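As a plain string of letters, each chain reads:
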Amino acid sequence: MKRILAWKSLVSRKKTVILTCLSLIVSISVLMTVEHLRAQAKDSFNRTISGTDLIVGAPSGELNLLLYTVFRMGSPTNNIQFDSLDMLNKQKSVSWTIPLSLGDSHKGYRVLGTNQDYFEHFKYGDKRSLSFSEGEHFDDLFDVVIGAEVAKALNYSLGDKLVIAHGIGSTSFQNHDNAPFTVAGILQPTGTPVDKTVHVSLEAIEAIHLAPAQLTRLIEQGRMDLLKPKNITGVLVGLENKFATFSLQRMINNYPDDRLMAVLPGVAMTQMWSLMESVENLLMVISLLVLLASLFGLMTMLLASMNERSVEIAVLRTLGASPLTVLLLIVYEALLITALSVVAAYALVSLALVSLSDWLAQQYGLFLSSNLYSMNVLILVGFIFIAALVAAIVPAIEAYRKALQVQLSA
Amino acid sequence: MTTVSQETPNAESLAVAMRNVSFSYPSSKSLFSCNQWDLAKGERIFLHGASGSGKSTMLNLLAGISKPTAGEIKINGTHINGLSQSKRDRFRAQHIGVVFQQFNLVPYLSVLQNVQLAAYFAKSSIDVMGKIKEMLALLKLSEAVIDKPVSDLSVGQRQRVAIMRAFINTPDLLLVDEPTSSLDANARDGFMRMLMAMCDRNNATLIFVSHDEALREHFSLHVPVSSLCSWSSNVEGKV
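Reading the values: the criteria
- Residues numbered from 1 in each chain as written.
- Chains lettered and ligands numbered in written order.
- Predicted model: local features only at pLDDT ≥ 70, side-chain atom pairs only at ≥ 80, totals over all residues.
- Heavy atoms only, no water.
- Helix = DSSP H or I, 4+ residues; strand = E, 2+ residues; numbered from the N terminus.
- Buried < 20%, exposed > 50% of the residue type's maximum accessible area, 1.4 Å probe, protein only.
- Contact = heavy atoms within 4.5 Å.
- 1 Å grid on protein atoms, 1.4 Å probe; cavity = no way out; pocket = protein on both sides within 12 Å on 5 of 7 lines; lining within 4 Å.
- Points joined across faces, edges and corners; volume = space filled by probe spheres on them.
- Nonpolar A, V, L, I, M, F, W, Y, C, P; charged D, E, K, R; others polar.
- Disulfide = S-S within 2.5 Å.
- UniProt positions renumbered as here; feature names shortened; annotations may be inferred.
- Pairing = 2+ DSSP bridges.
- Salt bridge = Lys/Arg side-chain N within 4 Å of Asp/Glu carboxyl O.
- Buried area = accessible area lost by both parts, 1.4 Å probe.
- Polar contact = N/O pair within 3.5 Å; in protein donor to acceptor, adjacent residues only side chain to side chain.
- Arc of directions from axis to C-beta.

A. View of the overall build of chain B. Counting its secondary structure elements, chain B contains seven helices and 11 strands. Across its three principal axes, chain B shows a C-alpha extent of roughly 50 × 40 × 35 Å. Sorting the 239 residues of chain B into buried and exposed places 55% on the buried side. Contacts in chain B between residues at least 24 apart in sequence constitute 74% of all its contacts with a sequence separation of at least 6.

Next comes the structure, spelled out in structure tokens:
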């Protein structure tokens, strides 16, 4: 009966209730969206690389090394010797290595020089391997494998020719026109920086930096062995035994024949994410303030209704409702409004995610799950209900006070 | 039987017994005092008096909405001001029916829900639907009205729903507060007939409060409130 009473009471004041609900729906939607984006960004961030135990490069700081080797962001400050890769491969504890050579670009997309091990050992997400949607990895010196986003954005298909530019800007005045590449493979989308990468062989990186005549001569003489790189930017390392991680890291950091630095990806990722925490917290605080404003609206609406409801409260009291029952009725109404708003906001955000996910992926490279449900969202909903309960206390106490003062009048 | 004397009648036969009751509103320095008043079960009494004579205060005390500052009020033998707030509320729901001046039905509820509400607060185990149907026939209301919102009803229908709500828990005592002030003479007589018939049927004691002297013909007992209780100083504020 209390449920019917609360519901019918709300329906009888539907205009103000709908406006209050709309205000709550907007604020709860903002809060849920911010939380979902934060969780998805973190998930996407952590999905970028998996199964790699160490990242090795020139000493330049853990974050910098992580940024340019994994996220293709920033510029490598220095290179390491190719011989260091051989040294790593000779270590008993090392299972595999992936050499990385960065520094060139194609129409704003980073070019990565690597070898076949990249396609075999690189993992992302839940240790998922790279796979091809079309073609295969590079066989020929001037073969190129492109990420899904590069193919889509530049409308490339197998067999298309492309020219790599020196440097990493979107516009370069120094194109390696003498060495056009042919698209040999297109990777499946991964939702990671791999999608935005143009992959070529390490030898190809060497080749495009030779003088045109010198390159032609080498190709004619078949002296491809002379294209062996002397320097690379970094190495991703997978270990046979995880227990060897720290001893190998120490050995690399103290390697006497080259200036090397080894970082643990997990540690560097955590360090990097902690830098973003302030932005994350700021967004959350703004969202909470919006929710607070809406809850004040709810409180005002319930308080404002007290005068028009004094007769109703008097009737309920006369029929035997205790002041506590009247108080609980107001709290129940507040929770009912909140529940309706939470359900509507959840549906709204889910609908928006379902309908906008393709567009967000295409326009901004944001791969968002349309499943809003998570433990954090559940905790958030719990918090919203507690906040609504607190907001309802003032009007509920006012109703309680009115209920105590009720008089029959003759 | 109504009395203002000091003689003590058989307690079991009394619907109302007031002894040395005094009450004052928090915002007022005036004191409302009733020395002794007994009303026998099944009686119907017409309490009248001018504005400010204490009719409302009397009703609030009898309904257990206001609690006297001293003295004792017994309804059907239960010392109601000795009960806790929640027990007093429950007692009111179970044993006292109230009909208001404007009938005061909850406007957004249907006829059925308005009546069910009274049964709900009384935590009554009666067959509410059965009793409603029985009363609909007695009050000459069609069954079609029970699902209608009360805001769609005529004044005549609303007064009958108010009677139905007051009687759903078969109250021992019925408090009626100026119910005919907005009715014409015909409607007023019709209302009084229905009310008396329902009281007969339920064997309820009736305390009818009004300043309309024309209604006294329906009652064998008519008492001015001022002869039962009085204010100890100038009457002011809410009385």
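B. How the structure looks around empty space enclosed by the protein. Residues and elements named next belong to chain B. Applying the stated rule across the entire model yields one cavity of 30 Å³ or more. Considering only enclosed or pocket space, the largest cavity measures out at about 100 Å³ in volume. A per-element tally of the lining of the largest cavity places helix α2 (residues 85-95) first, with four residues. Across the lining of the largest cavity, the residue classes tally to eight nonpolar, five polar and two charged.

C. Summary view of the state of the cysteines. Residue and element names in this part refer to chain B. Evaluated as defined, the whole model comprises one disulfide over all chains. A disulfide bridge connects Cys 34 with Cys 229, and the sulfur atoms are separated by 2.0 Å. Taking the sign of the S-S torsion, about 110° here, the bridge from Cys 34 to Cys 229 comes out right-handed. Placement of Cys 34 in strand β3 (residues 32-40) and of Cys 229 in strand β11 (residues 229-231) is noted, with a sequence separation of 195 residues between them. A relative accessible area of 1% places Cys 34 in the buried class.

D. Quick look at the UniProt feature "transmembrane region" (unreviewed entry) in chain A. In the UniProt entry, the feature "transmembrane region" (unreviewed entry) is given for residues 282-304, 324-353 and 373-397 of chain A. As annotated, residues 282-304 of chain A comprises 100% helix and 0% strand, and the C-alpha atoms at either end are separated by 33 Å.

E. Molecular detail of the pairing of strand β3 (residues 94-106) of chain A. Residue and element names in this part refer to chain A. With 11 of 13 residues buried, β3 is to be regarded as a mostly interior element. Looking at chain direction, β3 and strand β14 (residues 234-239) are connected through six bridges and run antiparallel. Note on β14: the bridge partner recorded for Val 94 is Leu 239. When β3 meets strand β4 (residues 109-114), the two strands line up antiparallel, connected through four bridges.

F. Inspection of the pattern of salt bridges at higher detail. Residues and elements named next belong to chain A. The full count for this structure, using the stated rule, is 13 salt bridges over all chains. Among the salt bridges present, the one from Glu 333 reaches Arg 309, with a minimum N-O distance of 2.6 Å. Linking Glu 333 in helix α12 (residues 323-364) with Arg 309 in the loop between α10 (265-308) and α11 (310-318), this pair joins segments that are 24 residues apart in sequence. A relative accessible area of 0% means that Glu 333 is categorised as buried. The buried category is assigned to Arg 309, whose relative accessible area is 3%. Between Arg 401 and Glu 398 there is a salt bridge; the shortest N-O distance is 2.9 Å. Of this pair, Arg 401 and Glu 398 both sit in helix α13 (residues 375-405), separated by three residues, roughly a single helical turn. A residue is classified by how much of its surface remains accessible, and Arg 401, at 40% relative accessible area, is partly exposed.

G. Examining the interface of chain A and chain B more closely. Listed per partner, the contact involves 25 residues of chain A and 30 residues of chain B. Taking both partners together, chain A and chain B bury about 2,700 Å²; carbon and sulfur atoms supply 65% of that area. Counting across the interface, chain A meets chain B through one salt bridge. With a closest N to O distance of 2.8 Å, Asp 89 of chain B and Arg 317 of chain A form a salt bridge. Joining chain A to chain B, the criterion identifies four residue pairs in polar contact (both at pLDDT 80 or more). Among the residues forming the side of chain A that touches chain B, the class breakdown is 13 nonpolar, eight polar and four charged.

H. Spotlight on helix α4 (residues 128-138) of chain B. All names here are of chain B. Where α4 is concerned, the buried positions are Val 128, Lys 131, Ile 132, Met 135 and Leu 136. Seen along its axis, α4 keeps its buried residues to an arc of 140°; they face one direction. Structurally, α4 contributes buried residues whose contacts are with α3 (111-121), α5 (155-167) and α6 (185-202). Just downstream of α4, Lys 140 is the residue with a positive phi angle, here 55°.

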